[in-house]
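Architecture at a glance
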Amino acid sequence: MVSLEKIVVTLRHIVLTGVSRGLGRAMLEGFVAAGHTVWGCARSAEAIEALRARFGPPHSFEVVDVSRDEDVARWARSLLREHGPPDLVVNNAALINRSAKLWEVPALEFSQVIDANIKGVANVIRHFVPAMVQRRGGVIVNFSSYWGRSAAAEVAPYCATKWAIEGLTAALAEELPSGMAAVALNPGIINTDMLKSCFGQSASSYLSPNDWAKKAVPFILSLGAQDNGRQATVPGQ
């Protein structure tokens, strides 16, 4: 029989970006069902209010645009002051460009994808990881993609960001102290709004976010210091 003390010790505080829909929402449901506390963010005020009503304390949800360093700094200061460092950071928030040849992607749209997918991850790391390093514990999971390890036409900006996440995560892994881990995670191909923007109706032939989360959530929770620098893929993908 597992003691109550053991259960308490293994419960985690999880920072999760892009929490309001798709994979983020599915992971939120899975983490909460497993007894963990989630500190989530998304850009939609309406969605955040709905999450607050649905879950409530000890979970916490804030309107944050991860591409804005000042937003992330404010969010992190509040959480760290009240709760201390998280045990797990999941950088999930991302954008994809509308399918188009690279030279047809407007400069503003290209910048928005770069800002959310690369700068957003760096901003979260900048403001949460120092406290984790000071404690010498914790795992950072940066969401990559199949298109972070391969490429496809008409999604060049998105591919560029996910290839960047692979390199950023590998470098971060070299900088962390013993006892911590940074992992680049390919979630696989899942039927999300993002996939529909590329695949159209054929996206429905892939797993739903909730079905995906049944394997993804336990897998993410299993990652530890032994996985530092790993290029991981959710099992079954």
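Heads up: the structure comes first, above all this text.
From a predicted model like this one, the values you see are computed outputs, not experimental measurements.

Rules and cut-offs
- Residues numbered from 1 in each chain as written.
- Predicted model: local features only at pLDDT ≥ 70, side-chain atom pairs only at ≥ 80, totals over all residues.
- Heavy atoms only, no water.
- Buried < 20%, exposed > 50% of the residue type's maximum accessible area, 1.4 Å probe, protein only.
- Helix = DSSP H or I, 4+ residues; strand = E, 2+ residues; numbered from the N terminus.
- Pairing = 2+ DSSP bridges.
- Right-handed = clockwise from strand over helix to strand, strands pointing away.
- Core = buried A, V, L, I, M, F, W, Y, C linked by side-chain atoms within 4.5 Å.
- Salt bridge = Lys/Arg side-chain N within 4 Å of Asp/Glu carboxyl O.
- Axes fitted to C-alpha atoms, helices over the stretch in contact; angles between N-to-C directions.
- Contact = heavy atoms within 4.5 Å.
- Phe/Tyr/Trp six-rings, centres within 6.5 Å; stacked < 30°, edge-to-face > 60°.

Focus on the pairing of strand 4 (residues 88-91)
Neither face of strand 4 is open: one carries Leu88 and Val90, the other Val89 and Asn91, and all of them are buried. One ladder, built from 3 bridges, connects strand 1 (residues 13-17) with strand 4; its direction is parallel. Looking at strand 4, one finds that valine 15 is bridged to valine 89. Considered for its hand, the β-α-β crossover made up of strand 4, helix 5 (residues 107-135) and strand 5 (residues 138-143) is right-handed.

Considerations on the nonpolar core
Met27, Phe31, Leu88, Val90, Phe143, Trp212 and Ile220 are the most contacted members of the largest nonpolar core, which has 33 residues in total. Elements that contribute at least two residues to this core include exactly strand 1, helix 2 (22-33), strand 2 (37-42), helix 3 (45-54), strand 4, strand 5, strand 6 (180-186) and helix 8 (209-222). Sort the elements by how many residues they give to this core and helix 8 lands first, with 7 residues. Core analysis: the next-biggest nonpolar cluster, separate from the first, contains 23 residues, Trp39, Val124, Ile125 and Met180 among them.

Examining the pattern of salt bridges
The final tally for this structure, using the stated rule, is 13 salt bridges. One salt bridge in this structure joins arginine 68 and glutamate 70, with 2.8 Å as the shortest N-O distance. A salt bridge links arginine 68 to aspartate 71; the shortest N-O distance between them is 3.5 Å. Judged by relative accessible area, which is 14%, aspartate 71 ranks as buried. Beyond isolated ion pairs, a larger network of salt bridges with shared partners links Arg25, Glu29 and Arg54.

Points about the sheet that holds strand 7 (residues 231-233)
Ordered by their spatial adjacency, 7 strands build an open sheet running 3-2-1-4-5-6-7, and the pairing between neighbours is parallel. Of all strands in the sheet, those bounded by a partner on one side alone are strand 3 (60-63) and strand 7. Each strand axis lies, on average, 20 degrees off the axis of its neighbour in the sheet, ignoring direction. Packed onto the sheet, helix 4 (residues 69-83) meets strand 1, strand 2 and strand 3 and runs at close to 165 degrees relative to strand 2. Against the sheet, helix 6 (residues 156-175) engages strand 5, strand 6 and strand 7, with an angle of about 160 degrees to strand 5.

Overview of unusual backbone geometry
For the peptide bond that leads from proline 57 to proline 58, omega is 10 degrees, which places it in the cis range. By the secondary structure assignment, proline 58 is in the loop between helix 3 and strand 3. The phi dihedral of arginine 136 falls on the positive side, at around 60 degrees, and the residue is not glycine. One can find arginine 136 in the loop between helix 5 and strand 5. The phi angle at glutamate 154 is positive, at roughly 75 degrees, despite the residue not being glycine. On the secondary structure map, glutamate 154 appears in the loop between strand 5 and helix 6. Under the relative-accessibility criterion, glutamate 154 is labelled partly exposed at 34%.

Re the packing of aromatic side chains
Applying the stated rule across the entire model yields 4 aromatic pairs. On the numbers, 6.0 Å between centres and 45 degrees between planes, the contact of phenylalanine 55 with phenylalanine 61 is tilted. Accessibility assignment for this pair places phenylalanine 55 and phenylalanine 61 in one class, buried. Ring centres 6.2 Å apart and planes at 85 degrees place the aromatic pair tryptophan 147 and tyrosine 158 in the edge-to-face group. Linking tryptophan 147 in the loop between strand 5 and helix 6 with tyrosine 158 in helix 6, this pair joins segments that are 11 residues apart in sequence.

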